[in-house]
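# Results of the structural survey
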Amino acid sequence: MNWSNVKLILMREVRDQLRDRRTLFMIAVLPLLLYPLLGMSFFQVTQFMREYPIRVLVIGSPVSAELPPLVEQDRFAGNLFTDPSTARLLQLSLQPSKAAEAGTPYDPLEQARRDMQQGNYEVVVYFPPNFAAQFARFHNSLLEDKSGESRADAQIPNVDIYPNLAKDASRAAYRRVSEVLDRWREEIGRQNLKDSKVSPAAAKPFEIATLDVAEIGQHKAALWSKVLPFVLLIWALTGAFYPAIDLCAGEKERGTLETLLSSPAERIEIVWGKLLTIMLFSMATAILNLLSLAITGSFVLSQLPNLGPPPGLAIVWLLAALVPVSALFSALCLALAAFARSTKEGQYYLMPLVLVTMPLTILPMAPGVELNLGNSLIPITGVVLLLRAMLEGNYFKVLPYIPLVVAVTLACCWLAIRWATDQFNTESVLFRESERWDINLWIKHLLRDRENTPSVSEAMFCGVLILMIRFFMSFALPMPHTFRDFAVLAVVTQLVVVATPALLMTIMLTRSPAQTLLLRRPPLIAPLAAVLLAVTLHPAINVLQTVVNRVYPLSEQFAKELDRLLIEPDSIWIMVLALGVMPAICEELAFRGFILSGLRHVGHKWTAIILSSVFFGAAHAIFQQSIIACLVGMVIGFLAIQSGSLLPGVLFHVVHNSMGLLIKQVAPTLGQEDHWLHWLMRNASDEGQLYHWPVVLCGLAASIAILLWFQRLPYARTPEESLQEAIDQQSPQWLPS
Amino acid sequence: MIHVRQLTKHYDDLTRGKCIALGGVSFDAIPGQIYGILGPNGAGKTTVLRILSTVLRPNGGTASVNGYDVVTQPSLVRHQIGFMSANTAVYDRMTAWEMVEYFGRLYGLQDEPLRGRMENLFTRLQMNEFRDVLGAKMSTGMKQKVSVARAIVHDPPVLIFDEATSGLDVLVARALLKSVAELREHGKCVVFSTHIMREAEKLCDRIAIMHRGHILAEGTLEELCDRHEERDLEELFFRLILHHDEILDLEGSRQ
């Protein structure tokens, strides 16, 4: 790749976009206008909201000398409010309480419901007709009889409030009115105590003081840490999308893409040039929006107590997070835009893109969602949570997650860029013409025009299908309780989830199942070498497993359960067959057979190996297992490609799985000095490293030697791989004479 | 200079399965000559020329440009050619000067030689008066001139024109043909595709008549006329095409 060409393309695209009025409007004008306008309308709306009175119907408001005043004129008494001036917001309608007529009992609930449904009131308060009288009797008995025995007939009836809690306005009214009634009741209580010559302190001997330890800065941080990441992401996406559409679909539409493709610029240079342009605009849009929001926000929020402009350090974290986020969005937009035939078609893809990214952006805003291992592995969510924690100032707590979030984001970026590059290398995408699409025709086409091995998309589909079936199966199947259950479950899962989709797809979508599933005789020594490799590599993998388990500890209960199932099998042979041999065959058929064969049409051996291993890893239920499986998958993928046969991989897999299972059986007895494996392993009751260090190192050295032997095997290249090799061998620097 | 051997290209089509765009095309073009590809719409002319410009990859056969293979050495091939077709437009938001300069730099020309070369080109193609006009504001004739300048700014030994005159008025088309003829005088190897008989007759040293992905006849105008005993190119063209259609229909009905 020639970076001066990338720079040249970048400069041109930037200049091109800056000359486009629509782009300038989106990235510069809109944010400058948007937030001041939003701020203004916010103020107006709040003013409107404050002025809006709540209509309350009070039926039978009690008036009596014994009771403190509840209603004064047509308002609740001012002393019942923290801020007496807010009393006017509750607009009262007063109605006398009817006594029940003879024959037809008066139903206050019915009355309230009718009034509420007609929308006349937000809330209805009902005092029974005898409320004041009963209270007076109660009050008198209180004064006369201090023993409290004759108070039974002086029961005060309930005061009923009828809100409609499904309506926001009514809920707000309910809150306010009950606050008023609470205060009124408290007032009555105080009065009663006073009349009974008891100090009011008897009922309320002390106050509960709330002392918020959060500093003002933290309040600010809490608010801003929710708002800023969201704004950042939304605008990074928007800022990437429109230039991307213009730079790819727009160029196709205007016919300049072919001009560029026939120039000496390589496809990858074009992709990078465009990607960097889109990233630049994405970042510029996000930054301008944040700036504008921060300026408007500080003015608006300075009016509110405890809040103010965002903390200064926030800017640094936001900028740091913006780079990977923009890169990811830009690459995604670029790939989508390259796929679109026209700008119109490109616009259609905005919604799906937003639908996918929005939940990832909103999830972190849910209460209680914090940065942890699981969340940090979710692409955009991890970044938002990390950013939030940084804005809140919890640096040390999130430190361990930074590498994870960075790795996940980088991996996503890499995949998206690859996807975009592939789009530019696919002529059917670049020169796509409108075609009548019909599901029947398409299925017929898939079955009729199939090739010897599956296509890349068919392979990807198979991988996703396996993951999805596995996901739904995990809900449908019961938890195993005995070893027998566990073994049966494992075999069924392997057959149904892994082997069946792969085999069915092989039969339906390929012409040569033997070539697809690598059912060929390997070089003579290869199977033996694979078995040997599994043995020599096992100590190193065990060390790795120990490290993984230490970083991401298994839940203790889960680990115990697993051990219980595995340590006391009915028969060691059934265990090896069900958990060692069966998965090896099924998984190899799927992941190194169908999926790897399809992915090899990408044109890069290692890309295919890594992608198939990621699927292989993801298909393991336990996360700790997935990491190891992913790495082991790469080794097996390499063996499969180099030997051109599935057999060495299957053997490696069988031996690898079986060793793990068998070692678990002998592990508890390893502590004894005279154990026959003492020279090899140490006691690992603490789940620590199993092998002695020299064994690990020797094994590793032997493994490398075996892998180098495999590397030297001549392997069959796919047409795409041969082509890619030839293209890579062009002299990279060629200048015209 | 250009050697094309048994080039094939097919597309996947939902209704018809594999749709053959090129069914084994071979020809050679040499420097100092204009090689014309004459054929109706959908004959496969654009597909051949897109393969030569490395924008498309063939499914079979080989093609080399100035000794470089179009499949395995695409970036070297692109340095050897100037490609201009009805589908290679000019940028709307770039001026004539910027556009040509941009491509000159992509071809790796250094500042000084590029400047000299551009001044020369702009004078020769009479483009100085709209040097600073944006592509969106240009007339079709201006755009065509910019495209020509863009295609030859790096002085490539091979030039490929794909239906370059389509949609142009007589004056602009004539000027373009004149520029193409000049390139021959400079010893360039020119491939020129068209569906207009007059252009092929007037301009091309050798003509290949193409139809439905096959070259039906190939040679100088005189050779073609002599071989088929037909003095009029248009009549010759129709006869060949009708004959080919009949053969294909016959094959189709036999299947």
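Quick caveat, the model's predicted, so the values are computed rather than measured. (Residues numbered from 1 in each chain as written. Chains lettered and ligands numbered in written order. Predicted model: local features only at pLDDT ≥ 70, side-chain atom pairs only at ≥ 80, totals over all residues. Heavy atoms only, no water.)

Bringing the sheet that holds strand E5 (residues 68-69) of chain B into the picture now. Taken in spatial order, the four strands of this open sheet run E2-E1-E4-E5 (chain B), and their pairing is antiparallel. Looking at the sheet topology across the chains shown, the edges are occupied by strand E2 (17-29) and E5 of chain B. (Pairing = 2+ DSSP bridges. Helix = DSSP H or I, 4+ residues; strand = E, 2+ residues; numbered from the N terminus.)

Further remarks concern the environment of Met-197 of chain B. Residues and elements named next belong to chain B. In this fold, Met-197 is placed in helix H7 (residues 197-203). For the pair Met-197 and Glu-234, spaced 37 residues apart in sequence, the C-alpha to C-alpha distance is 6.4 Å. Apart from the residues lying within four places of it in its own chain, the contact partners of Met-197 are Leu-38, Leu-233, Glu-234 and Phe-237. (Contact = heavy atoms within 4.5 Å.)

With that settled, the discussion passes to the state of the cysteines. All names here are of chain A. For the coordinates displayed, the defined rule picks out zero disulfides over all chains. The thiol of Cys-413 is not disulfide-bonded; the next cysteine sulfur, from Cys-412, is found 7.2 Å away. Using a relative accessible area of 7% as the deciding quantity, one classes Cys-413 as buried. (Disulfide = S-S within 2.5 Å. Buried < 20%, exposed > 50% of the residue type's maximum accessible area, 1.4 Å probe, protein only.)

Before going further, it helps to spend a moment on the sheet that holds strand E4 (residues 90-95) of chain A. Residue and element names in this part refer to chain A. Spatially, the four strands line up as an open sheet ordered E4-E1-E5-E6, and their pairing is mixed. Taken across any chain shown, the strands that pair with only one partner, and hence form the sheet edges, are E4 and strand E6 (160-163). Neighbouring strand axes in the sheet, compared pairwise and without regard to direction, differ in orientation by 20° on average. Where strand E1 (residues 54-59) meets strand E5 (residues 123-126), four bridges bridge the pair, whose relative direction is parallel. Looking at E5, one finds that Leu-57 is bridged to Val-124. Relative to E6, helix H3 (residues 108-117) is tilted by about 30°, and along the sheet it contacts E1, E4, E5 and E6. Along the sheet, helix H5 (residues 168-195) makes contact with E1, E4, E5 and E6, crossing E6 at roughly 165°. (Axes fitted to C-alpha atoms, helices over the stretch in contact; angles between N-to-C directions.)

Each side of the interface is counted separately: chain B has 46 residues, and chain A has 46 residues. Across the interface of chain B and chain A, roughly 4,200 Å² is buried in total on both sides, 55% from carbon and sulfur atoms. Here chain B and chain A share seven salt bridges between them. The partner of Glu-258 of chain A in a salt bridge is Arg-50 of chain B, and the shortest N-O contact between them spans 2.8 Å. Between chain B and chain A we count 13 residue pairs in polar contact (both at pLDDT 80 or more) in total. Breaking the side of chain B that touches chain A down by element, the ones donating at least two residues are strand E1 (2-13), E2, helix H2 (74-80), strand E6 (81-85) and helix H3 (96-106) of chain B. Here the side of chain B that touches chain A is composed, by residue class, of 19 nonpolar, 14 polar and 13 charged. (Buried area = accessible area lost by both parts, 1.4 Å probe. Salt bridge = Lys/Arg side-chain N within 4 Å of Asp/Glu carboxyl O. Polar contact = N/O pair within 3.5 Å; in protein donor to acceptor, adjacent residues only side chain to side chain. Nonpolar A, V, L, I, M, F, W, Y, C, P; charged D, E, K, R; others polar.)

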